[in-house]
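The chain contents come next:
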Amino acid sequence: MKLFVDNLTNVDFSYLHPQRGLLGESWLVQLVLDGELNEEGMICDFGIVKKAVKHWFDNSIDHALVVPTGMANLHSELLNGETTVNWRYPAGGEFYCRSPEQAIVLVDIDEINELSLAAWCNAQLLALFPDEVKGLEISFVPEAINDAFYHYSHGLQQHDGNCQRIAHGHRSRIEVFLDGQRDTAAEQQWAKTFNDIYIGTRGHLVSANDEVHHYCYDAPQGEFEIRLPARHCYLIDTETTVEQIACHLAAQVKLSHPSREVMVRAFEGVGKGAIATA
């Protein structure tokens, strides 16, 4: 007997890709349990399943930086409650991140993808369930997006929860309207601009030149620091909430279309986001 839960939750996180570097991602989580019926005629109560699995994801990879420790040219260290990660981009330039240990998940695999990370999660999650559960299969599914989207990473210093982590991210759609009509050219332009980007806040910028951006801030969870090539960064004056990103995009589109009414729908992962007009 099997029990399944489709779209149980979704996870928003960033990870290191061996070619693209820091990559924001959003995946839907699917779950199948394999087991025996208990005295109530169930493998496991749906409420228990959903609560236990969502709690585990919320406290593991969700809103974290996931690092495959088997990736080439990578060094990671956990010391005194902090994790540091150093890695070199194949095209040149270095990635460095220092965060409280909860913000960086070190995974003993060579590369992060839907299958490899799901296999790692399966092994961690099975212990959460009663003896009737004999097997578990997690699968990750990217949202089906036919229009423009981008991968971005960021950190929100003033957030009360895990969004304060300096390297977490999302895979997000963007919709741009000019005088009420979709403008796919503008959408594609911004999807290209924000492709695999780190969106930084000017107030967090310690130093910057044509080669490197260096960001650092203190937050309730601890001290956070990140350095990465300038070509992978986009700087704005405000915190990088989805509301502020939407406002920034609307203002930038308005500069190119001063006589048009502009509306931007900027998504933050799956099924949520902000609307801004200019």
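Residues numbered from 1 in each chain as written. Predicted model: local features only at pLDDT ≥ 70, side-chain atom pairs only at ≥ 80, totals over all residues. Heavy atoms only, no water.

## Some points on the packing of aromatic side chains
- Within this structure, the stated rule accounts for 14 aromatic pairs.
- Ring centres of Trp56 and Phe57 lie 5.0 Å apart, and the angle between their planes is 80 degrees; on these two criteria the pair is classed as edge-to-face. Both residues of the pair, Trp56 and Phe57, belong to the buried class.
- By the ring-pair criterion, three or more aromatic residues cluster together here, those being Phe13, Tyr15, Trp27, Trp56, Phe57, Trp120 and Phe140.
- When the ring centre of Phe149 is taken as origin, the NZ or CZ atom of Arg171, which lies over that ring, is 4.4 Å away.
- Across from the ring centre of Tyr96, 4.3 Å away, lies the NZ or CZ of Arg227, which sits over that ring. (Phe/Tyr/Trp six-rings, centres within 6.5 Å; stacked < 30°, edge-to-face > 60°. Buried < 20%, exposed > 50% of the residue type's maximum accessible area, 1.4 Å probe, protein only. Lys NZ or Arg CZ within 6 Å of the ring centre and 35° of its normal.)

## Notes on unusual backbone geometry
- Of note, the phi angle at His63 is positive, near 60 degrees, even though the residue is not glycine.
- If you trace the backbone, His63 turns up in the loop between helix 1 (46-58) and strand 3 (65-68).
- Positive phi is not limited to glycine here, since Asn80 has a value of about 55 degrees.
- Summarising the element assignment, Asn80 is placed in the loop between strand 4 (74-79) and strand 5 (82-88).
- Since its relative accessible area comes to 75%, Asn80 is described here as exposed. (Helix = DSSP H or I, 4+ residues; strand = E, 2+ residues; numbered from the N terminus.)

## Remarks on the pattern of salt bridges
- Per the stated rule, a full pass over the model turns up 16 salt bridges.
- Here Glu175 ties to Arg265 by a salt bridge, and the two come within 2.7 Å at their closest N and O atoms. Remark: Arg265 occurs in strand 17 (residues 262-267) and Glu175 occurs in strand 10 (residues 168-178); sequence separation between them is 90 residues.
- Across the pair Glu225 and Arg227 runs a salt bridge, and its minimum N-O distance is 3.7 Å.
- Glu225 sits in the buried class, given a relative accessible area of 11%.
- Residues participating in the shared-partner salt-bridge network are Glu143, Asp147, Arg173, Glu175, Arg182, Glu187 and Arg265. (Salt bridge = Lys/Arg side-chain N within 4 Å of Asp/Glu carboxyl O.)

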